[in-house]
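Topology and contacts: notes
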Amino acid sequence: SPLIVGGKNYTEQYILAECAQILLEDAGIEAKTKTGVGSALARKSLVNAQFDLYFEYTGTAYTVYYEQDDQAVMTHPDKVYEWVKSHDADKNLVWLDPIQFNNTYTLMMREKQADALGITSISDFGAYVDDNPDELLFATDVEFWERPDGFKALMRTYDFRMPIDQIKKMSTGLTYKALREGQADVAMGFSTDGRIAAFGFVLLEDDKQFFPVYNPAPVVRKDVLEQYPEIRDILKPLAQKLDTNQMQQLNKAVDVDHKELKAVATQWLQDNGLIE
Amino acid sequence: MSIILRKIYHTGLIALLLTLGVVAERVGLIEYLSDPYEYPYIVKLLYQHLYLVGVSMALATGLGLLIGIALTRRRLRRFAGVVMYIVSLGQTIPSLAVLALMMSVLGIGSRTAIFALFVYSILPIARNTLAGITSVSPAMIDAAKGMGMPDWRILLEVELPNAMTVILTGFRVALVINIGTTALAYLIGAGGLGDLIFTGINLMQTEKLLAGAIPTTLLALLGDFLCTILSLLLVSRGLRLADSQ
Amino acid sequence: MDILGFLQSNADQALYLTWEHMWIVGLSVGIATVIGVPVGILITKYETLAKRVINAANIFMTIPSIALFGLMLPMLSLFGHGLGKVPAVIALVLYSQLPIIRNTYVAIKNVPPAVVNAGRGMGMSNWQLLKEVELPIAIPVILAGLRTAAVMNIGIAAIATFVGAGGLGVYIQQGIDRVYDEMIVAGAILVSVFAIVVDGGMAGIEHALTPKGLKIQRKQSK
Amino acid sequence: MITYDSVSKIYGSGPGAVTALDNVSFHIEKGEVVVFLGPSGCGKTTTLRLTNRLDSITRGTITIGGRDINEQDPVRLRQSMGYVIQEIGLFPNKTIAQNIAVVPRMLGWSKDKISERTDELLRMVQLDPALYRDRYPAELSGGQQQRIGVARGLAADPEILLMDEPFGAIDPINREQIQDEFLKVQEKLKKTIAFVSHDIHEAIKMGDKIALFSEGRLIQYDTPEMILTQPKNKFVADFVGSDRALKVLGLMRVRDAMNPVPLNIIQGDTLAPAAIGFLEEKKRRYGVVVDGGKPVGFVSLKDLKFETGPVRDVATPFPVMAQGRQPLRDALSMMLMHDLILLCVIDGNGDFIGTVSYQNIQRAILDVYSDETEDRDVTR
Amino acid sequence: MITYDSVSKIYGSGPGAVTALDNVSFHIEKGEVVVFLGPSGCGKTTTLRLTNRLDSITRGTITIGGRDINEQDPVRLRQSMGYVIQEIGLFPNKTIAQNIAVVPRMLGWSKDKISERTDELLRMVQLDPALYRDRYPAELSGGQQQRIGVARGLAADPEILLMDEPFGAIDPINREQIQDEFLKVQEKLKKTIAFVSHDIHEAIKMGDKIALFSEGRLIQYDTPEMILTQPKNKFVADFVGSDRALKVLGLMRVRDAMNPVPLNIIQGDTLAPAAIGFLEEKKRRYGVVVDGGKPVGFVSLKDLKFETGPVRDVATPFPVMAQGRQPLRDALSMMLMHDLILLCVIDGNGDFIGTVSYQNIQRAILDVYSDETEDRDVTR
Ligand SMILES: Nc1ncnc2c1ncn2[C@@H]1O[C@H](COP(=O)(O)OP(=O)(O)OP(=O)(O)O)[C@@H](O)[C@H]1O
Ligand SMILES: Nc1ncnc2c1ncn2[C@@H]1O[C@H](COP(=O)(O)OP(=O)(O)OP(=O)(O)O)[C@@H](O)[C@H]1O
Ligand SMILES: C[N+](C)(C)CC(=O)O
Ligand SMILES: [Mg+2]
Ligand SMILES: [Mg+2]
């Protein structure tokens, strides 16, 4: 049976899963993708062998699965990687080489409004909300709202409180649309998302270092890796070649230009000489 | 035989309820539901859910009845086939797709959701109104006409009362589907109990999952029950007698 | 909007998703039939049970699909199947029970007592009666139940994408997240076409399997 | 009252067209019951439905009281006549009382008047109002439902009644009663009634006239007597049956055929010798003995021969007697069964009112069949 | 053949129990047709359904050929008797031929034999096999369907037939034919038949015996003649009707009542004067003229007075004549209608076979009613 490459429910994950699948197939390992679930479910699926491999973010594992909040560890890429890698090893999960970009959660605003309100950082935003609690609408998905590294915790760290009626929850990718169309004033986003630049959003600075570092890395179950030890080398090029800028470009190609996933992934892999 | 089966059924029912209680406790549902910070939030979602269902159903019932009745009038009757065919095609579109399509046209938010729910709920109501009225026996209509009843009176006194069972079935299908589809309205930013369900699914937080799924289910069952009550109120006893024979 | 273009450039994937969708629905209707038809026949013999069974099936039908997936997730997770096609198929089987059981029950019940009496009076055994008289007369209504179940399941299967079951719901879900209208519409159209084709196909089967004598009878009573 | 002038009705068009009525003309007098008779599918229901505009006439006109029905508002027209439909068609959602009250309510009658009327009608159709008023149609047997249908048609006391096989589903015994009841009411109210039936007996009993249809054409329109005695053609003759003379007897009452002043009446206190003289004078072998207006029995010359007392002590009692209002048919049956050539007829009080003989019966038939009887004296 | 011994059937229990049959005992002889007669709901169908164990007996026993039916396998038992159910109950999914073939197929007959039998039965019920064999029940009229029901019941040529109102839905004309056909077949095959009807005429015609039920009780079990002439009580008398003498006439044929050797026959070539002499000798006013065995007409003394030629030239033709096999009832009707006191009777070839007078008719009735007729000579 083919190797199942899992993925969560947003574009970057689809692309990463697609790239991995292409590379594996290219190396003669039959593989297929299975994407579209939330983080916790992805993780659980890996543990329960419904996925064999998927790309997880170091910060996510650290804060969500292990519920840690040590700033010293989580803001440092290597430290947090080593931390989760060693802890997951006990659970027979192997973290392969991490990819060198940080897809962190971020808060976005339309440039004009941010300028008008003079908001450049999350602190500014928090202060503004405290002053005008019923003014700004915030768009998020349910995951970001609930997660330990999510909005509830963020409000605690930044010490402000947004009234529940000002929070609009929706499907993950819709926050960009909501923000662009003015149905929200502030939205949750992913820093590598191509739409941030395309739609002219500004990112609010995380001036209190609330978010951890989120480097994606392929996580494999140990038994799978033992069966296919070559996976490690097959996926290594991704870690070496893919950077923040390129990821943004890829995301943009899919989300903004509506290019087909597989085509985008194949193109990039070819351009970088990873496949023929 | 049937006595034994009934015993098994009863025992099974009790066992199921007990298990559910234990599971609810174990997954922290009870704790979650009694959390003074979460509790008002759940109520708010419930309220949103009811609001979406209520408004969209009210509109759909009105328009659905109107369409159904209109298509049984003499002048429009010949369109009934075509209209109902289109309607039945409409019903093959999954509810999720209707929400998504409306979202791409009308944007995000509860108004879009209400519109989508409204459109999706008209179908069964209109169809059953049409079917119900059409199935009223022609002999009865003849009798009414032969007595000199004007059309509006035939509609009110003969057609609608005798079609009521079928119309209510349509209403009930619409209501149950509506309540279920409303649970998807979260996706397009309209809130409702789907919020909790999706939180639960995405983050594997069973207590939230259940806090969303159980009220949604109960709401649907309640709606179903409400329709039973409604049929007791709206369907003449004479018809129920006739059916039971 | 260029749906055709989208479908062309994604033909492989579209086909795959359609196939996946078909597979889920086909399997679930198959299982549901194997359970539902015998149960439907059985409860015609035990009236007290009939009401309960149909009520229970009605309750399953009433549970909103996304809630049912939600409710099953923690339970099935215990066996490592909270995700994917298993919960989808189980949910669809449950949803199918009402139309299938109810139609089977009603169809057999509606066989005119005169006909049953005539058969019994001629010395037919219960099994002969079922095989030669009751089932042939009931078959159109039973098939109508299967048809309802299949068409309904096609719609519900689209929602199963949220528990990772795949199928055409993937297009709708991704389309929402990617704000990609072509994708949503492509998904919606494919599901609808699938449903219409199945509906038409089942209607054809229904027609083909309806005994000729019944067709003539029905035509007249119109 | 109602005039059908060259009325045709064609359902559908093109090759599938059905001519349900074909150039039918006749006239229903005010206060008359006309029975539409004929085999299934001959156009009886169609004729009724054209009359109250439930269907539209293809060709020809129907006028009511001189006015073309097509010039009247159909709703008004229908309210002005009662309609009892063949399929009964009670409203299952309404109680019996509500069903009957539909038209009165539309006409704005007061509540009291409606409820009074409802009870009156229920009693007329032999159903106890207290028991049936608040039931629903589903709680009644087929025959009872049909009676409610009749009551509903009569509710607003319309001038004209269209009744489509109103007694078809009622069992024979109750039907007889309701027919009688209905005729009694009709005698008083003198409605104009078009009454559909396919039962020749019912037609003879209920109809002032019979309109006999076949395949959409009006074959014969005449009184029951004429239909029976002078069927226009083989179809009519076959329809009324080969024993139609016996059917005619069912139409007539004993009192209409009897001899009210028979010559051989002997008062009970007459002494036997005087009676012998009396009978010999009248050239009779038998005498009917009547005492105080009541028939006692009969005496023969033989019986009297050696007697001396009053004849009432000698008379042989009649094995059977006929009631004046019984059908003549029953009298014939009695005579045949008891081998009587003379039957004594009494009224409701048992008083002697006449006698019936085969000759009387034949004479009565012959009066009816007067045109067929040129040859009658020949064999007598 | 079939013995009912104190059979009771109670449906349900407690206060809602219905006693459908109440202690009924009677015996059906082999080869006999017994008609179960009675008003709706009297227990006729119930009796049949107990006989083939479609319902179970509450009290009492039914034995067939000496064996208690409760000791037999119900499926076997039912296959051994034909059952024609009241509601017809054809299988709509099977063709006519398949419907008829059900029991033969269950019994494992060969294909050829089945198809032969099917055609034979179809012809028996007056339906062309070529036309009807492959149709479906829905393509037949109600009456035709009922005939198929009868054919199906007869298919496997069972010894015993249970027939529940088998001709109820057939129109009068076809019914007459099928009844005749059925009687002809029964004459040959001599099945044992329990036949339900609520039509007294049918009962009289078809039954060797009649079992008259009322409210679950067997009121009278007797031959049709006895039921007609000696009704046991008022219920029976009412059920057979007050014109029962006329019904008896329906039972009898003209040829059974006629005078086959009337005294006043004059051959056609007799000369008028000779005829006068003949009639005066016989003390008759009329003569029936027969020429070459065929009736020509009648002559009266008056007609002959001034004639000299052969009487056939003078004779007045009969307005109507009776067929020997017509019911006596029709003869009476003709006599009444045409005011004849004598009716000429002919056979199928038109040959003269006798004459019928009122006296003949009365005599025939009296023979039937022989026990009620002590008083007959008194009035004559
Ligand atoms: N709506 C219609 N369309 C076509 N043909 C019709 C329609 N209504 C009646 N007919 C035909 O017209 C003819 C007369 O029908 P009608 O109902 O008047 O018969 P009827 O005399 O009342 O018979 P019955 O005694 O069976 O009630 C029949 O041949 C019938 O099939
Ligand atoms: N299954 C049953 N349960 C209760 N009562 C029944 C049942 N079957 C028949 N009866 C009652 O038993 C009585 C006799 O019924 P049965 O069917 O034998 O009448 P029938 O003589 O055949 O009448 P018909 O001429 O109307 O067919 C009726 O009063 C009927 O209501
Ligand atoms: C991409 N993030 C890290 C922002 C979210 C995730 O864990 O999926
Ligand atoms: Mg009619
Ligand atoms: Mg019966």
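The name given to chain B in an unreviewed UniProt entry is Binding-protein-dependent transport systems inner membrane component, with Desulfohalobium retbaense as the source organism. Taken directly from UniProt, the Sequence similarities (unreviewed entry) text for chain B runs: "Belongs to the binding-protein-dependent transport system permease family." Turning to chain B, the UniProt record has this under Subcellular location (unreviewed entry): "Cell membrane".

What follows covers the overall build of chain B. A tally of helices and strands in chain B yields eleven helices and zero strands. Dimensions of chain B along its principal axes, counting C-alpha atoms only, are 70 × 55 × 30 Å. Burial status across chain B gives 55% buried among its 245 residues. Total accessible area on chain B is roughly 11,200 Å²; 72% of this is exposed by carbon and sulfur atoms. Distance between charge centres in chain B, computed from 17 positive and 12 negative side chains, equals 12 Å.

Turning our attention to the sheet that holds strand β2 (residues 18-28) of chain D. Residues and elements named next belong to chain D. With respect to topology, four strands assemble into an open sheet ordered β2-β1-β4-β5, the strand pairing being antiparallel. On the outer flanks of this sheet lie β2 and β5 (67-68), each paired with one strand and no other. Across the sheet, helix α1 (residues 44-51) is in contact with β1 (2-11), β2 and β4 (59-64); its angle to β1 comes to roughly 115°.

This next bit is on the UniProt feature "domain: ABC transmembrane type-1" (unreviewed entry) in chain B. Following the UniProt record, one finds the feature "domain: ABC transmembrane type-1" (unreviewed entry) at residues 46-227 of chain B. With 81% helix and 0% strand, residues 46-227 of chain B has end C-alpha atoms that lie 20 Å from one another.

With the rule as written, the count across this model stands at six cavities of 30 Å³ or more. The volume enclosed by the largest cavity comes to roughly 120 Å³. Lining the largest cavity are 14 residues, with A:Tyr10, A:Thr60, A:Tyr105, A:Arg147 and A:Phe190 sitting closest to its centre. Considering only residue class, the lining of the largest cavity consists of five nonpolar, five polar and four charged. Lining the second largest cavity are 15 residues, with A:Asn9, B:Phe198, B:Asn202, C:Phe162 and C:Gln173 positioned closest to its centre.

Turning to the coordination of the magnesium ion (ligand 4), a few remarks are in order. In ideal tetrahedral geometry, four donors around a metal make angles of 109.5 degrees, whereas ideal octahedral geometry with six donors gives angles of 90 or 180 degrees. All names here are of chain D. Listed as protein donors to the magnesium ion (ligand 4) are Thr45 (OG1) and Gln86 (OE1); their distances from the metal cover 1.8 to 2.3 Å. You can see Thr45 sitting in helix α1 and its partner Gln86 sitting in the loop between β6 (81-84) and α3 (96-106), a full 41 residues away along the chain. On the basis of relative accessibility, which here comes to 24%, the residue Thr45 falls in the partly exposed class. The partly exposed category is assigned to Gln86, whose relative accessible area is 32%.

Residue and element names in this part refer to chain B. UniProt marks residues 50-71, 83-108, 162-189 and 209-235 with the feature "transmembrane region" (unreviewed entry), using the numbering shown here. Between the C-alpha atoms that bound residues 50-71 there is a distance of 31 Å. The span itself is 100% helix and 0% strand. This span, residues 209-235, is 96% helix and 0% strand, and a straight line between its end C-alpha atoms measures 38 Å.

Moving on, we come to the confidence of the model for chain B. Across chain B, the average pLDDT comes to 87, with 98% of residues at or above 70. Under the prediction, the complex receives an ipTM of 0.76, its pTM being 0.79.

What follows covers the site of ligand 3. Residues and elements named next belong to chain A. The immediate surroundings of ligand 3 are formed by Lys8, Tyr10, Ser39, Tyr57, Thr60, Asn103, Tyr105, Arg147, Phe190 and Tyr214. Within the side chain of Lys8, a nitrogen or oxygen atom sits 2.9 Å from an oxygen atom of ligand 3. Within the side chain of Tyr10, a nitrogen or oxygen atom sits 2.4 Å from an oxygen atom of ligand 3. Here ligand 3 loses 100% of its free accessible area of 260 Å² to cover by the protein chains. Structurally, ligand 3 is housed in the largest cavity. Taken together, the residues that form the shell around ligand 3 break down as five nonpolar, three polar and two charged.

Right, let's get into the sheet that holds strand β5 (residues 67-68) of chain E. Residue and element names in this part refer to chain E. The four strands are arranged β2-β1-β4-β5 in an open sheet whose pairing can be described as antiparallel. Looking at the sheet topology across the chains shown, the edges are occupied by β2 (18-28) and β5. As defined by bridge partners, strand β4 (residues 59-64) adjoins β5 across two bridges and the pair is classed as antiparallel. The partner of Thr63 across the bridge, within β5, is Asp68. With respect to the sheet, helix α1 (residues 44-51) is in contact with β1 (2-11), β2 and β4, its orientation differing from that of β1 by roughly 115°.

A separate point is the interface of chain B and chain A. Each partner contributes residues to the interface: chain B has 20 residues there, and chain A has 24 residues. Taken together, the two surfaces of chain B and chain A that pack against each other cover about 1,800 Å², and 61% of this comes from carbon and sulfur. Among the residues of chain B in contact with chain A, B:Ile108, B:Asn202 and B:Leu203 are the three that bury the most area, contributing 34% of the side total. Taken together, chain B and chain A are joined by three salt bridges. For the salt bridge of B:Lys208 with A:Glu146, the shortest nitrogen-to-oxygen distance reads 2.3 Å.

Further remarks concern the arrangement of the chains. Most contacts, when the six pairs of chains in contact are compared, are made between chains D and E. There is a gap between chain C and chain D: no contact, and a shortest C-alpha distance of 15 Å. Left apart from each other, chain A and chain E have a closest C-alpha approach of 49 Å.

This paragraph deals with the pairing of strand β8 (residues 192-197) of chain E. Residue and element names in this part refer to chain E. Along β8, six of the six residues are buried, which leaves the element largely enclosed by surrounding structure. Residues of β8 alternate between two faces, with Thr192, Ala194 and Val196 on one and Ile193, Phe195 and Ser197 on the opposite face, all of them buried. Judged from the five bridges that link them, strand β3 (residues 33-37) and β8 form a sheet pairing that is parallel. What sits directly across from Val33, in β8, is Ile193.

In this section: the domain arrangement of chain B. Residue and element names in this part refer to chain B. When its domains are assigned, chain B resolves into domain 1 (1-34) and domain 2 (35-243). When each unit is reduced to the centre of its C-alpha atoms, the spacing between domain 1 and domain 2 is 31 Å. With seven residues of domain 1 at the contact, the number on the domain 2 side is twelve residues. Between domain 1 and domain 2 the total buried area reaches about 770 Å² when both faces are included, carbon and sulfur atoms providing 70% of it. Together, Val27, Leu29 and Tyr32 form the three largest contributors to the area buried by domain 1 at its contact with domain 2, with a combined 71%. If you look at where domain 1 meets domain 2, you find zero salt bridges. Taken together, the links from domain 1 to domain 2 amount to zero residue pairs in polar contact (both at pLDDT 80 or more).

Reading the values: rules and limits
Residues numbered from 1 in each chain as written. Chains lettered and ligands numbered in written order. Predicted model: local features only at pLDDT ≥ 70, side-chain atom pairs only at ≥ 80, totals over all residues. Heavy atoms only, no water. UniProt positions renumbered as here; feature names shortened; annotations may be inferred. Helix = DSSP H or I, 4+ residues; strand = E, 2+ residues; numbered from the N terminus. Buried < 20%, exposed > 50% of the residue type's maximum accessible area, 1.4 Å probe, protein only. Areas by Shrake-Rupley, 256 points an atom, 1.4 Å probe, with all protein chains shown as cover. Lys, Arg positive; Asp, Glu negative; His and termini not counted. Charge placed at Lys NZ, Arg CZ, Asp CG, Glu CD. Pairing = 2+ DSSP bridges. Contact = heavy atoms within 4.5 Å. Axes fitted to C-alpha atoms, helices over the stretch in contact; angles between N-to-C directions. 1 Å grid on protein atoms, 1.4 Å probe; cavity = no way out; pocket = protein on both sides within 12 Å on 5 of 7 lines; lining within 4 Å. Points joined across faces, edges and corners; volume = space filled by probe spheres on them. Nonpolar A, V, L, I, M, F, W, Y, C, P; charged D, E, K, R; others polar. Donors = N, O, S within 2.8 Å, 3.2 Å for Na, K, Ca; no water. pLDDT = per-residue confidence, 0-100. Near = heavy atom within 4 Å. Polar contact = N/O pair within 3.5 Å; in protein donor to acceptor, adjacent residues only side chain to side chain. Sits in = over half its atoms within 2 Å of the grid points. Buried area = accessible area lost by both parts, 1.4 Å probe. Salt bridge = Lys/Arg side-chain N within 4 Å of Asp/Glu carboxyl O. Domains from an automatic or database assignment.

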